[in-house]
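# Structural characterization, general
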Amino acid sequence: MQQADDLFVRLATHAEVLEPALSWAGAGKLPGTHGARELARICGISSSRLPAVLTALQAAEDAGVVSKDSHGMWAVALSQGMAREVASLMRGARLYRDRVHSDANEVEVVISRPAAPSRLVAELERTIEGVWGLEETAVMLGQMAANATRRFSVMTPFVDEDGAERIVSLFQATRPGVARELVVRDGLPAALASKAGELKALGVAVYDFRIPRPDRPENETFHAKVVRVDDSECYAGSSNMTRWSFAYSLELGFHVRGAAAAKVCRLLDAVIAVSALTPYP
């Protein structure tokens, strides 16, 4: 029992791969050795998710559940009875994850890649995962705008002409009735002033978060880059609304849903509360 408990703790995060494979082995239907792609097919997992299969197999090898030969072929190292027992545990882990458990936070890594040819992207491609699973910033922001049902907010300290076009497009992608909010600093940037008519027609409320301090010659302002959807989803990262950020530079951020995102949304509410509503020119 202790051995089974230990295997559950070590392998539960890989249950999607290991449960079907061990079920086949427990039924005596997985004799011999198999390549990772063949095991993915047997498990009903798309070849695009091969990195996840390889990670699961490596964890299972470390736990003594599978073995790998010199040709990179894999075999189940458990008896049929033990394979059935561990498969049952993996099934329990899958059922709990899929039907019972709810993450407090869901986080995805979001990047803007440097312009091609990029040595960084080439280096990423040499890893097992490559760029698989890394969401493009522009794509993610567009999806967020389309998904908003109540509020859609953009907070950006820097905007150029390309970024102004992008901001207008994001607000245009939101549904009718969604409250649209834009937080800038030191007044409406020149690039956005040229889009004032479009922003006004969309009903975008523009807030200026640049507050003079009474005690010293400084301003209370921001450098954060945030996009908010409703009250529990946000993007927070390094991307400014500029051509450089989306077309040339590596930018890194996180798309977050859940409790942490709700905290960011409350922060943005506070920013809007203390900011000045900026009139259109």
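Thresholds applied
Residues numbered from 1 in each chain as written. Predicted model: local features only at pLDDT ≥ 70, side-chain atom pairs only at ≥ 80, totals over all residues. Heavy atoms only, no water. Axes fitted to C-alpha atoms, helices over the stretch in contact; angles between N-to-C directions. Helix = DSSP H or I, 4+ residues; strand = E, 2+ residues; numbered from the N terminus. Parallel < 35°, antiparallel > 145°, perpendicular 65-115°, else oblique. Left-handed = near helix turned anticlockwise from the far one by under 90°. Contact = heavy atoms within 4.5 Å. Nonpolar A, V, L, I, M, F, W, Y, C, P; charged D, E, K, R; others polar. Salt bridge = Lys/Arg side-chain N within 4 Å of Asp/Glu carboxyl O. Buried < 20%, exposed > 50% of the residue type's maximum accessible area, 1.4 Å probe, protein only. Polar contact = N/O pair within 3.5 Å; in protein donor to acceptor, adjacent residues only side chain to side chain. UniProt positions renumbered as here; feature names shortened; annotations may be inferred. Phe/Tyr/Trp six-rings, centres within 6.5 Å; stacked < 30°, edge-to-face > 60°. Lys NZ or Arg CZ within 6 Å of the ring centre and 35° of its normal. Pairing = 2+ DSSP bridges.

Another aspect to go through is the packing of helix α2 (residues 15-26) against helix α5 (residues 80-100). Two elements in contact, α2 and α5, have axes separated by 8 Å at closest approach and are oriented at 150°. Classified by the angle between their axes, α2 and α5 sit roughly antiparallel to one another. Note that α2 runs across α5; the crossing there is left-handed. On α5, the residues touching Ala-15, Glu-16, Leu-18, Glu-19, Pro-20, Leu-22, Ser-23, Ala-25 and Gly-26 of α2 are Gln-80, Ala-83, Arg-84, Val-86, Ala-87, Met-90, Arg-91, Ala-93, Arg-94 and Arg-97. Split by residue class, the contact of α2 with α5 holds ten nonpolar, three polar and six charged.

Below, the discussion takes up the pattern of salt bridges. Inspection of the entire model under this criterion finds 18 salt bridges. For Glu-165, the salt bridge goes to Lys-195, with nearest N and O atoms at 2.6 Å. With Glu-165 in helix α8 (residues 161-172) and Lys-195 in the loop between α9 (190-193) and α10 (196-201), this residue pair connects regions lying 30 residues apart in the sequence. Residue class for Glu-165 comes out partly exposed when judged on its relative accessible area of 41%. Taking the relative accessible area as the measure of exposure, Lys-195 reaches 13% and is therefore buried. Linking Glu-181 and Arg-228 is a salt bridge whose minimum nitrogen-to-oxygen distance equals 3.5 Å. Residue Glu-181 is located in strand β6 (residues 179-184), and its partner Arg-228 is located in strand β10 (residues 225-229); the two are separated by 47 residues in the primary sequence.

Looking at where Ser-275 falls in the secondary structure, it is placed in the loop between α12 (259-274) and β13 (276-277). A distance of 2.6 Å separates a polar atom in the side chain of Ser-275 from the backbone oxygen of Val-271. Sequence-distant contacts of Ser-275, that is, excluding residues within four places in its chain, are made with Tyr-207, Asp-208 and Phe-209.

For the rest of this paragraph, the subject is the UniProt feature "domain: PLD phosphodiesterase" (unreviewed entry) in the protein chain. Summarizing the sequence annotation, UniProt attributes the feature "domain: PLD phosphodiesterase" (unreviewed entry) to residues 218-245 in the numbering used throughout. As annotated, residues 218-245 comprises 11% helix and 43% strand, and the C-alpha atoms at either end are separated by 27 Å.

Relative to the assigned elements, Gly-35 resides in the loop between α2 and α3 (36-42). Sequence separation between Gly-35 and Gly-72 is 37 residues, and the spatial gap between their C-alpha atoms is 7.0 Å.

With that out of the way, let us pick up the packing of aromatic side chains. The tally for this structure, following the rule as stated, stands at three aromatic pairs. Each ring, one from Phe-209 and one from Phe-222, has its centre 6.0 Å from the other, and the planes form 5°; the classification is stacked. Taken together, the positions of Phe-209 in the loop between β7 (205-208) and β8 (211-212) and Phe-222 in the loop between β9 (219-220) and β10 put the pair 13 residues apart, joining distant regions of the chain. With respect to burial, Phe-209 and Phe-222 carry one shared label: buried. Ring geometry for Trp-244 versus Tyr-248: centroids 5.4 Å apart, planes at 35°, classification tilted. By relative accessible area, Trp-244 is classed as exposed at 56%. For Arg-166, the ring lying beneath its charged end belongs to Phe-246, and the centroid distance is 3.8 Å.

Spatially, nine strands are ordered β4-β3-β12-β11-β10-β5-β6-β7-β13 in an open sheet, and the strand pairing comes out mixed. Of all strands in the sheet, those with a lone pairing partner are β4 (135-136) and β13, marking the two edges. Inspection of the sheet shows β10 paired to strand β11 (residues 233-237) by five bridges, in the antiparallel sense. Residue pairing for β11: Val-227 is matched across the bridge by Tyr-235. Contacting β5 (151-155) and β6, α8 runs over the sheet at an angle of about 160° to β6.

Once that is clear, we can look at α2. Across the twelve residues that make up α2, a large majority, nine, are buried. One or two positions beyond α2, positive phi appears at Gly-28, with a value near 75°.

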